[in-house]
Amino acid sequence: MKRYLKIECIFIVILMLQIANFIFWGYQKEGYHIDEIYSYGLSNSYYRPYVDSNNEHWNVWHNEDYFKQYVEVQADHRFAYDSVYYNQTCDVHPPVYYFILHTVCSFFPNQFSKWFGISINIVFMVAALTILYYISRLLWKENKWLPIIICLFYGFSPGAVNNVIYIRMYVILEFITLLYLYMHLQLMEKYSTKKYIILFGITLLGTLTHYYFLVFAFFVSVVYFITLIWDRYWKRIVHYLIAVPGAIGLAVCIYPSALAHIFSGRGRSAGNILDTEYKEKLIEFYLYISRQLFGGYLKYILCFYIFIAIVIFIVHAISLKRKNETIVLQIEGKYEINCKLLIQFTCIFITAIMYYLIVVKVTTIRADRYIFNIYPLIVLLFFELLWLIYKKLNRIKTPYLIINMLILAAVTYRGYNQESLEYWYKGYHEMQTELSKYQQDKVIYVTPYNFTIYRDWQFLSQTGNYYIVAPEDVGHMDLGEENNNLEHIIVYVYKDLDAQDILNTIEKKLNLTDSDFVLETYQSNVFYCY
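Computed from a predicted model, the values in this text were never measured in an experiment.

(A) Geometry of helix α8 (residues 158–165). Of all eight residues making up α8, eight are buried, and the element is well covered by its neighbours. Taken residue by residue, α8 has Pro158, Gly159, Ala160, Val161, Asn162, Asn163, Val164 and Ile165 as its buried positions.

Here it is, written out as structure tokens:
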């Protein structure tokens, strides 16, 4: 282990720098995706899974506390895990992530901060990078520096940063899937009953974190199970069937709503995707990988390295021909095929490819977050390609290494400069500053959907009172006698609605004469009526 002491010290320094990078981009985050607000609401709102669950959402006035009570833990409802569990049964995900977020938020009652969620993500991303380091060390035993380079490249990639600043369960999912893979790679190295016990816990935790864990776990397990059958390890097969399917069964017993989530609602509609749409989605998800890991140049990078591999093969074949040897004889005579390593990389390759194809097919929402957890696997496969080429080079290894480092640095830098960061929502603070000029004015919020308020709540929380109304009800709003003679009011109108007709109705109802456009939020157009 002394061999790795210096390397691990360097790895820790790199982790510290990556943490600093995560914190930097955490500070840049200004707004929130709707699902991030659901994260806080489902975790912290007491037996109220959605902001409109209390039937007092529409056609009434709300103050600034209305939404805060949804996203913040109230002092008398701290560590209320029964509420978290109930809220999730009404949603579409298992509860582990929400338990963790609620635990953190319970230490800060009546407060809201992006750092409650980002801090969880940073901790689990550091854990994921640590597992990635040990997976790499297991795969490349002959090179102690390559695992460091792999973690350096992935940890600073826009893909890793995106995952960290997006306040959902996907960093935890990445950590658990990597841990699940690592445990199987370890089992391929050496059998241990203790590892099966650990695997039971990992499977239980993964199933209760995100259902896509089951897709990932299935293909890892299939490869490993085939090796057990091939080697006729019948006793290990029995133990494995207890560990993995047994853990999934226990997860369903703990959380029976999982069956309804998987086989109805989103789960049932997931398969109703047209073939033409599937092809479009394959390209779109590929572009996520290309932009967030390879600066948008993945196809060019692959072509470059495949070209080098072909050239090496041709040069090697010509060399052997001159010596009157064949490639087959050369392989049989000089190279020992590491079957164990081949199986391990086959497991990684099959899992990454099949997970990608299936998840892209079944997801009803086109978003990079669903494939975040295979980003590290893609990086591992990419570096294996680089390593295979490196081993075949003789006199030009140093130039090859320099070229590789320059390419990796360039694509990472390029990733940050092409707006690959999806979840920091730059511009929210500017909008808040502009709308703060009207924080004393009352607000009418016009929308046909309840979800739009989740994106606009940061702005509405600045005002004292706001009235939520559907567009068809604008003409007969009951604003109260004290509000019938307002001299001015702010109006939010959902983007897809005809704003002018709605403004005319409001102006007529309140005896106002005109309106000015203020700004456009992610969901609404905002007007000042006077």
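Picking up where we left off.
(B) The nonpolar core, seen in detail. Core analysis: the largest hydrophobic core is formed by 144 residues, its most contacted members being Phe67 and Phe383. Here this core gets 15 residues from one element, more than from any other, and that element is helix α9 (residues 170–189). Contact partners of Phe383, with chain neighbours within four places excluded, come to Trp140, Leu146, Ile149, Ile150, Phe153 and Leu408. Grouped together as the second largest cluster of nonpolar side chains are 19 residues, Ile444, Val474, Ile502 and Leu510 included.

(C) The packing of helix α6 (residues 114–139) against helix α7 (residues 146–155), seen in detail. The contact between α6 and α7 brings their axes to 8 Å, and the two run at 145 degrees. The handedness of the crossing between α6 and α7 comes out as right-handed. Contacts between α6 and α7 involve Met125, Leu129, Leu132, Tyr133, Ser136 and Arg137 on the former and, on the latter, Pro147, Ile148, Ile150, Cys151, Tyr154 and Gly155.

(D) Quick look at the pattern of salt bridges. One pass over the structure, following the stated rule, counts nine salt bridges. Close ionic contact of Lys29 with Glu36 constitutes a salt bridge, the shortest N to O distance being 2.8 Å. Glu36 carries the same exposure label as Lys29, and that label is buried. One salt bridge connects Arg366 with Glu280, and the closest N-O pair in it is separated by 3.3 Å. Taken together, the residues span a long stretch of sequence, with Arg366 in the loop between α18 (339–362) and α19 (375–392) and Glu280 in helix α15 (residues 275–294) at a distance of 86 residues. Look at Arg366 and you get partly exposed, because its relative accessible area is 31%. Taken together, the shared-partner salt bridges connect Glu277, Glu280, Glu284 and Arg366 into one network.

(E) Focus on the packing of helix α10 (residues 193–207) against helix α11 (residues 212–230). Close contact between α10 and α11 brings their axes to 10 Å; oriented N to C, the two are set at 155 degrees. Classified by the interaxial angle, the pair formed by α10 and α11 is roughly antiparallel. The two elements α10 and α11 cross, and the hand of that crossing is left-handed. Contacts between α10 and α11 involve Tyr196, Ile202, Thr203, Gly206 and Thr207 from the first element and Phe213, Leu214, Tyr224 and Leu228 from the second. Within the contact of α10 with α11, the residues separate by chemical class into six nonpolar, three polar and no charged.

(F) Helix α23 (residues 499–510), seen in detail. For α23, built from twelve residues, the straight-helix expectation of 16 Å at 1.5 Å per residue is met to within 8% by its first-to-last C-alpha distance of 16 Å. Buried positions along α23 lie against β2 (443–446), β4 (489–494), β5 (515–520) and β6 (524–529). Looking one or two residues beyond α23, the residue adopting positive phi is Asn511, at roughly 60 degrees.

(G) Spotlight on empty space enclosed by the protein. Tallied over the full model, the rule gives one cavity of 30 Å³ or more. Roughly 60 Å³ of internal volume is contained in the largest cavity. Together, Leu435, Tyr438, Gln439, Val443, Phe459, Gln462, Thr463, Ile490 and Tyr492 line the largest cavity. Its residues placed into classes, the lining of the largest cavity shows six nonpolar, three polar and no charged.

(H) Representation of the side chain of Glu507 within the structure. Inspection of the secondary structure assignment puts Glu507 in helix α23. Although Glu507 lies buried, it forms no salt bridge, and the closest oppositely charged side chain, Lys508, sits 11 Å away as judged by the N-O distance. For Glu507, the side chain forms a polar contact with the side chain of Ser515, separated by 3.2 Å. In contact with Glu507, other than residues within four places in its own chain, are Leu512, Thr513, Asp514, Ser515 and Cys529.

(I) Representation of the sheet that holds β5. Pairing within the open sheet is mixed, and its six strands lie in the order β1-β3-β2-β4-β6-β5. Only two strands of the sheet have a single neighbouring strand rather than two, namely β1 (61–63) and β5. Neighbour-to-neighbour, the strand axes of this sheet turn through a mean angle of 25 degrees, independent of strand direction. In this sheet, β6 lies alongside β5 in antiparallel orientation, the contact comprising five bridges. In the sheet register, Asp516 faces β6, and the bridge partner there is Tyr528. Relative to β5, helix α21 (residues 428–435) is tilted by about 155 degrees, and along the sheet it contacts β4, β5 and β6. Along the sheet face, α23 touches β2, β4, β5 and β6 and points at about 150 degrees away from the line of β4.

Scoring rules and cut-offs
- Residues numbered from 1 in each chain as written.
- Predicted model: local features only at pLDDT ≥ 70, side-chain atom pairs only at ≥ 80, totals over all residues.
- Heavy atoms only, no water.
- Buried < 20%, exposed > 50% of the residue type's maximum accessible area, 1.4 Å probe, protein only.
- Helix = DSSP H or I, 4+ residues; strand = E, 2+ residues; numbered from the N terminus.
- Core = buried A, V, L, I, M, F, W, Y, C linked by side-chain atoms within 4.5 Å.
- Contact = heavy atoms within 4.5 Å.
- Axes fitted to C-alpha atoms, helices over the stretch in contact; angles between N-to-C directions.
- Left-handed = near helix turned anticlockwise from the far one by under 90°.
- Salt bridge = Lys/Arg side-chain N within 4 Å of Asp/Glu carboxyl O.
- Parallel < 35°, antiparallel > 145°, perpendicular 65-115°, else oblique.
- Nonpolar A, V, L, I, M, F, W, Y, C, P; charged D, E, K, R; others polar.
- Expected span 1.5 Å × (residues − 1).
- 1 Å grid on protein atoms, 1.4 Å probe; cavity = no way out; pocket = protein on both sides within 12 Å on 5 of 7 lines; lining within 4 Å.
- Points joined across faces, edges and corners; volume = space filled by probe spheres on them.
- Lys, Arg positive; Asp, Glu negative; His and termini not counted.
- Polar contact = N/O pair within 3.5 Å; in protein donor to acceptor, adjacent residues only side chain to side chain.
- Pairing = 2+ DSSP bridges.

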